[in-house]
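Coordinates in review
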Amino acid sequence: MRLMLLSTVLFAGMNACVKQLHHLPALEIIFFRSLFSIVASYAALRRLGVAPFGHNRALLISRGSTGALALMCYFASLQHLPLATAVTVQYLAPICTAVLGIWLVREPVRPWQWLFFGLSFGGVLLVGHGSPTAAGRAAVAAGSNWLYLAVGVLSAVISGLSYNAIRTLRGREHPVVIVFYLPLISLPLTAVACLFQWRTPQGLDWLWLLACGAFTQAAQVAMTRAYQLERLGRVAPLNYLGILYALALGYLLFGESFGSLAYAGIGLVLAGVGLNAWYTGRRSAAAAVPAPAAEVAA
């Protein structure tokens, strides 16, 4: 859970970097981010003495492909929507992850968890409707941006598939191998796209691109390890805490402000996350308690 909390902070830094690079094509940003990640991952694997291409290649390709598609959709929505709105839509991914996990990794979601997910989902909806600023209203009201809202939702669904692939690979592959497959697939895809849509970065753009790559690489490693160590239903909802960072960074860096609905939504999100963590932790502790000697003998 600590690793997942760390990943949310690092992903918030990545979001801010992508938003700063709004004038560059989204696929170009992913190209540079993938270039950084593939070099960093390969160097780490060589240092660790781990085979970079792994042993479960079908699952690894599935993780890399779904992760690449989700990233493309997310970056496109991030550039065309207010920061907190794009991040809020992406935070449907934990719900998609837990629900898809029922069939993909055979991890049940218990009745009380559905209630907690409902609280968090309701909070997401309130945050999405709580932008009273003129810029926020204009962005959401523009007809073309409804397309990017749909693209953001699609990113959340595909992310759910990707996170379940990570969970399936638990104990089978090193976390850095799993991370390595994301840029391995996204780099050639975005390189081809850049041939048709290229804008040369200028000045501080290079610094933002470097920071974006560093934040993403560290966040991916932390998130991958978290999904391998803990149940999906327990760690996935912690992603919702990133809404706090999105609101803060949107206000401080991009002048985006939100009203009472958004803050009520934040309260619901935090309540859902906290209750789910408490509930799953209590069940895990109860399951770990050994049965009394008389019961064992019986």
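These remarks concern the structure in this document. (Residues numbered from 1 in each chain as written. Predicted model: local features only at pLDDT ≥ 70, side-chain atom pairs only at ≥ 80, totals over all residues. Heavy atoms only, no water.)

1. Observations concerning the overall build of the chain
- Counting its regular elements, the chain contains 14 helices and zero strands.
- Helices and strands appear in the chain in the N-to-C order α-α-α-α-α-α-α-α-α-α-α-α-α-α.
- In the chain, 91% of the contacts between residues at least 6 apart in sequence involve partners at least 24 apart.
- Within the structure as shown, the chain displays about 13500 Å² of accessible surface, and the carbon and sulfur contribution to it stands at 70%. (Helix = DSSP H or I, 4+ residues; strand = E, 2+ residues; numbered from the N terminus. Contact = heavy atoms within 4.5 Å. Areas by Shrake-Rupley, 256 points an atom, 1.4 Å probe, with all protein chains shown as cover.)

2. A closer look at helix α9 (residues 175-194)
- Here α9 spans 29 Å end to end across 20 residues, near enough to the 28 Å set by a 1.5 Å rise per residue.
- Residue L187 marks the point of greatest curvature in α9, where the axis turns by about 25°; the proline P188 follows within four residues. (Expected span 1.5 Å × (residues − 1). Bend = angle between axes of the 7 residues up to and from the residue.)

3. Observations regarding the packing of aromatic side chains
- Applying the stated criterion across every chain yields a total of 10 aromatic pairs.
- Between the aromatic rings of Y42 and F180, the centroid separation amounts to 6.4 Å while the plane-to-plane angle is 35°, which identifies the pairing as tilted. Here Y42, found in helix α2 (residues 26-48), pairs with F180, found in helix α9; they are 138 residues apart in sequence, far enough to count as distant.
- With 5.9 Å between their ring centres and 70° between their planes, F53 and F180 make a pair best called edge-to-face. Linking F53 in the loop between α2 and α3 (57-80) with F180 in helix α9, this pair joins segments that are 127 residues apart in sequence.
- Members of the aromatic cluster, joined through ring pairs, are F31, F32, W198 and W206. (Phe/Tyr/Trp six-rings, centres within 6.5 Å; stacked < 30°, edge-to-face > 60°.)

4. Remarks on the environment of V99
- Relative to the assigned elements, V99 resides in helix α5 (residues 93-104).
- Accessibility expressed as a relative area gives 22% for V99, which makes it partly exposed.
- Between the C-alpha atoms of V99 and V109, which are 10 residues apart in sequence, the distance is 7.4 Å. (Buried < 20%, exposed > 50% of the residue type's maximum accessible area, 1.4 Å probe, protein only.)

5. What to know about the packing of helix α1 (residues 2-20) against helix α10 (residues 205-229)
- Between α1 and α10, the least distance of the axes is 8 Å, while the angle of their chain directions is 155°. By the angle between their directions, the pair α1 and α10 is classed as roughly antiparallel. Once α1 is placed against α10, the crossing between them reads as left-handed.
- Class assignment of the residues belonging to the contact of α1 with α10 gives a composition of 19 nonpolar, five polar and one charged. (Axes fitted to C-alpha atoms, helices over the stretch in contact; angles between N-to-C directions. Parallel < 35°, antiparallel > 145°, perpendicular 65-115°, else oblique. Left-handed = near helix turned anticlockwise from the far one by under 90°. Nonpolar A, V, L, I, M, F, W, Y, C, P; charged D, E, K, R; others polar.)

6. As for the environment of V235
- When you line up the elements, V235 lands in helix α11 (residues 232-235).
- Classification of V235 by relative accessible area gives buried; the value is 0%.
- Sequence-distant contacts of V235, that is, excluding residues within four places in its chain, are made with M1, M4, A226, Y227 and E230.

7. Concerning the packing of α1 against α3
- At a minimum axis distance of 9 Å, the contact between α1 and α3 shows a crossing angle of 60°. As far as their axial angle goes, α3 and α1 are oblique. Note that α1 runs across α3; the crossing there is right-handed. Residues M14, N15, V18 and K19 of α1 form the contact with α3, whose own contacting residues are Y74, F75, L78 and Q79.
- Residue composition of the contact of α1 with α3, by class: five nonpolar, two polar and one charged.

8. Structural notes on the nonpolar core
- With 64 residues, the main nonpolar core has I29, F75, Y240 and I243 as its most contacted residues.
- When residues in this core are grouped by element, the largest group, eight residues, is from α2.
- Dropping the residues within four chain positions of it, F75 is found in contact with M14, V18, A26, I29, I30 and R33. (Core = buried A, V, L, I, M, F, W, Y, C linked by side-chain atoms within 4.5 Å.)

9. Quick notes on helix α4 (residues 83-90)
- Burial analysis of α4 places eight of its eight residues in the buried class, the great majority of the element.
- Every buried residue of α4 is accounted for by L83, A84, T85, A86, V87, T88, V89 and Q90.

10. Describing a nonpolar patch on the surface
- A contiguous nonpolar patch, built from L3, L6 and L229 and spanning about 250 Å² of accessible area, is present on the exposed surface.
- Looking at where L229 falls in the secondary structure, it is placed in helix α10.
- We classify L229 as exposed; its relative accessible area is 52%. (Patch = residues over 30% accessible without salt bridge, like charges linked within 9 Å, V, L, I, M, F, W, Y side chains within 5 Å. Salt bridge = Lys/Arg side-chain N within 4 Å of Asp/Glu carboxyl O.)

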